Amino acid sequence: MFLTFPKSSTGLKRAKRGWVNPPISVLENSKGPFPMKLVKIISQFALETQMVYRITGEGADQDPKGIFTIERLSGYFFVTQPLDREKKASYRFIVHATGLDVNVAEKPMAIEVNVIDQNDNKPVFTQNPFNGRIHEAAGKDYEFMTATATDADDPNEYNGIVYYAIISQEPQLPKPNMFDINISAGTICVREPGLDREQWPRYTLLIVAADMEGKGLSTNGTAVITITDSNDNSPQFEQTSHIVSVPENKVGAVVATLTVTDGDEVGSSAWSTKYRIISGDKGGFFNVSTGPTQLEGIITTVKPLDFEKTKQYILSVIVENDGPFVGSLPTSTPTVTVNVEDINEPLEFNPKMKVIAKPKDSTADSELVIYTATDESANKPQTEQS
C-alpha cells in the first residue's frame, strides 16, 4: 500500500493544500513479525530528488513513544509491537517530507491508524450477585430488576454486543421457568404467575452474558430474588362460636378475646389485624379492639348492660388486615353470644324524693302518705308506710 503526498502544480514547489488519506487499519493483538510494514509514503518530489521522511504524534515521538516508526529515506511506515484497541483505538500522525539536498518540503500530511477490534474480552457483570425484590402477587410480564454486563470490545461490533439468558432457577417450584430475561436489555420479569412467599420466599437464578450476540465469549452471574409478602392470606378465627356471661351495670368488662391466625409475613400490614362488630349491637354497648399480639380481638363493654331490659346479645364480628387483600379472599366471622347476668340490686324508691304536708290537726300514729320502693331484680314492688 502506498500513500502519496498531493501533487505540486509546477516542479519543486510547496503543495498549496493538504491531502486526506484513507485511514490505515491494523488488527489488534497481531502476532507480527515486528516491526511490521504498514504502508509506504511517497513524496511527489521523490522522482526529482531524495526526500527525508519523519512522523510526529502520539505513538511516534510522543508518549507512548516508538510504537510507530518510519524509515527516514524509504518512507516505509511500521508498527513495532502488538496493539490493544481497548487501550487506544486510533492514532493520528503528521508526516513530514523534506529534500535531502534540496530546499524543498511537502506540506505536512495527516494520516490515521485505526486499531481493528478482536473479540479478546468477555463480558463482565457490573455486580454479582444482583439482588431484586418482587411481591408475590405480581402477574405475568411484570419487570422488577435488571442484570447488566459490560464488554470492553467495540460496542458497535458483534464482539461487544452482549446477550443474556437464564441457565437455571432454584428452587424449580412451582414451575422451573418462573422468570424470563430480556435477551438484549437484561431486564428480568415474571414469566409464570403463582409466586408464593409462604412456600418459596427466595429464588436464585444463574444468568449467562455472552458477546457476539450470545454466541461468543461468556460469563456467569447470579440474581437473587426475594419474594415479598402480598396480603393473600386472610386472617381466620381459631374459634367461630363463643358463649359468655357478663354482669350487668359494669363498664369496661372484658366480654371475650377472639384469637386469629394469619399466614402472611409476621409484623407486616398483611398480617396485623383489626376488628369490627357488624351486627347485634344496635345500642352501642360493646367495643372490639386489637390486642397486644396483633392477632386477637378483645370485646369490652362501653355502656352498662341492663338485665331487666336485654338479657342476651348475639354479636357478629369480622376481622381484616391493616393492609388490603389481594383479590377476593374468604373472611372469617364468628358469633359471640353474651348472656347478661342479673345482679341483686337494692330497693329503689320512685320517685327518689317525695315532699309531704302534715295537717295541723293530725293525731299521733296517723297515716301521712304511702311511699313505694321497687326491687328491679325481682320486678316486684315493695310498699313502705310512713
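Worth saying up front: this structure is predicted, and the values here are computed from it rather than measured.

**Comments concerning the overall build of the protein chain**
The helix and strand inventory of the protein chain stands at 1 helix and 28 strands. By residue count, 39% of the 386 residues in the protein chain fall in the buried class. Sequence separation of at least 24 residues holds for 65% of the intrachain contacts in the protein chain that already meet a minimum separation of 6. For the protein chain, the accessible area works out to roughly 21800 Å², and carbon and sulfur atoms hold 50% of it.

**Quick look at the pattern of salt bridges**
Working definition: two side chains of opposite charge can pair if their charged atoms are close together. For the coordinates displayed, the defined rule picks out 7 salt bridges. Salt-bridge contacts for Glu198 lead to Arg197; the nearest nitrogen and oxygen are separated by 3.0 Å. On the basis of relative accessibility, which here comes to 30%, the residue Glu198 falls in the partly exposed class. Across the pair Arg197 and Asp229 runs a salt bridge whose closest N-O atoms are separated by 3.3 Å. Of this pair, Arg197 sits in the loop between strand S15 (187-190) and strand S16 (202-210) while Asp229 sits in the loop between strand S17 (218-228) and strand S18 (236-237), placing them 32 residues apart in sequence.

**Re the environment of Glu157**
Looking at the secondary structure, you find Glu157 in the loop between strand S12 (149-150) and strand S13 (163-170). For Glu157, a relative accessible area of 42% puts it in the partly exposed group. Spatially, the C-alpha atoms of Glu157 and Glu213 are 9.8 Å apart, while their sequence positions differ by 56 residues.

**Some words on the side chain of Thr273**
Take Thr273: it is sitting in strand S21 (residues 273-279). Among the polar contacts listed, one links the side chain of Thr273 to the side chain of Tyr275, at a separation of 3.0 Å. Ignoring any residue separated from it by four or fewer positions in sequence, one finds Thr273 in contact with Pro235, Val260, Thr290, Gln294, Leu295, Glu296, Val319, Glu320, Asn321 and Asp322.

**With respect to the confidence of the model for the protein chain**
Looking at the protein chain as a whole, its pLDDT mean stands at 89, while 86% of the residues score no less than 70. Confidence drops under pLDDT 50 across residues 9-19; counting only partners more than four residues distant or on other chains, this segment forms 24 contacts. Every residue in residues 380-386 is under pLDDT 50, and counting partners more than four places away or in other chains gives 18 contacts.

**Concerning the sheet that holds S13**
Within the open sheet, the 4 strands sit side by side as S10-S17-S16-S13. Their pairing is mixed. The outermost strands of the open sheet, each flanked by one partner alone, are strand S10 (130-135) and S13. When the angles between neighbouring strand axes are averaged without regard to direction, this sheet yields 30°. By the bridge criterion, 6 bridges tie S10 to S17 in an arrangement that is parallel. From the neighbouring strand, Gly132 faces S17, where its bridge partner is Ile225.

**Things to note about the packing of aromatic side chains**
Applying the stated criterion to the full structure yields 11 aromatic pairs. Summarising the aromatic geometry, the rings of Tyr91 and Phe93 are spaced 6.3 Å apart at their centres and angled 5° between planes, so their arrangement reads as stacked. Pair check on accessibility: Tyr91 and Phe93 agree, each one buried. By the ring-pair criterion, three or more aromatic residues cluster together here, those being Phe68, Phe77, Tyr91 and Phe93. For the cation-ring pair, Lys37 lies above Tyr76, with the distance from its terminal atom to the ring centre recorded as 3.9 Å. Taking the ring centre of Phe307 as reference, the NZ or CZ of Lys311 above it sits at 4.8 Å.

**Digging into the sheet that holds strand S3 (residues 36-42)**
One open sheet holds the 4 strands; their spatial order is S1-S3-S6-S5, and the pairing between them is mixed. Every other strand in the sheet has two partners, leaving strand S1 (2-4) and strand S5 (68-70) as the edge strands with one partner each. Ignoring strand direction, the axes of neighbouring strands in this sheet form an average angle of 25°. In this structure, S5 lies alongside strand S6 (residues 76-79), joined through 3 bridges in antiparallel fashion. Its bridge partner being in S6, Thr69 is matched across the sheet by Phe78.

**Concerning the pairing of strand S24 (residues 312-321)**
Within S24, 7 of the 10 residues are buried, which leaves it mostly tucked inside the rest of the structure. Sheet topology note: the S21/S24 ladder contains 6 bridges and is antiparallel. The residue bridging Arg276 from the neighbouring strand is Ile318, located in S24. The pairing of S24 with strand S25 (residues 335-341) spans 5 bridges and is antiparallel. Bridge pairing links Tyr313 to Val338 in S25.

**Things to note about the nonpolar core**
Ile41, Phe68 and Phe77 are the most contacted members of the largest nonpolar core, which has 27 residues in total. Where this core is concerned, the elements lending two or more residues are strand S2 (24-27), S3, strand S4 (51-56), S5, S6, strand S7 (90-99) and strand S8 (109-116). The residues touching Phe68, leaving out its near neighbours within four places in the chain, are Leu38, Ile55, Gly59, Ala60, Phe77, Phe78, Val79, Leu83, Tyr91, Phe93 and Val113. Judged by nonpolar contacts, the second largest core, of 24 residues, contains Phe125, Ala147, Val162 and Ile225.

**Details of the side chain of Asp229**
Judged by its relative accessible area of 16%, Asp229 is buried. Within the structure, the side chain of Asp229 is placed 3.3 Å from the side chain of Arg197, a separation counted as a polar contact. One polar contact links the side chain of Asp229 to the main-chain amide nitrogen of Glu265, over a distance of 2.8 Å. Dropping the residues within four chain positions of it, Asp229 is found in contact with Glu136, Arg197, Glu198, Asp264, Glu265, Ser268 and Ala270.

The rules behind these values
Residues numbered from 1 in each chain as written. Predicted model: local features only at pLDDT ≥ 70, side-chain atom pairs only at ≥ 80, totals over all residues. Heavy atoms only, no water. Helix = DSSP H or I, 4+ residues; strand = E, 2+ residues; numbered from the N terminus. Buried < 20%, exposed > 50% of the residue type's maximum accessible area, 1.4 Å probe, protein only. Contact = heavy atoms within 4.5 Å. Areas by Shrake-Rupley, 256 points an atom, 1.4 Å probe, with all protein chains shown as cover. Salt bridge = Lys/Arg side-chain N within 4 Å of Asp/Glu carboxyl O. Polar contact = N/O pair within 3.5 Å; in protein donor to acceptor, adjacent residues only side chain to side chain. pLDDT = per-residue confidence, 0-100. Pairing = 2+ DSSP bridges. Axes fitted to C-alpha atoms, helices over the stretch in contact; angles between N-to-C directions. Phe/Tyr/Trp six-rings, centres within 6.5 Å; stacked < 30°, edge-to-face > 60°. Lys NZ or Arg CZ within 6 Å of the ring centre and 35° of its normal. Core = buried A, V, L, I, M, F, W, Y, C linked by side-chain atoms within 4.5 Å.

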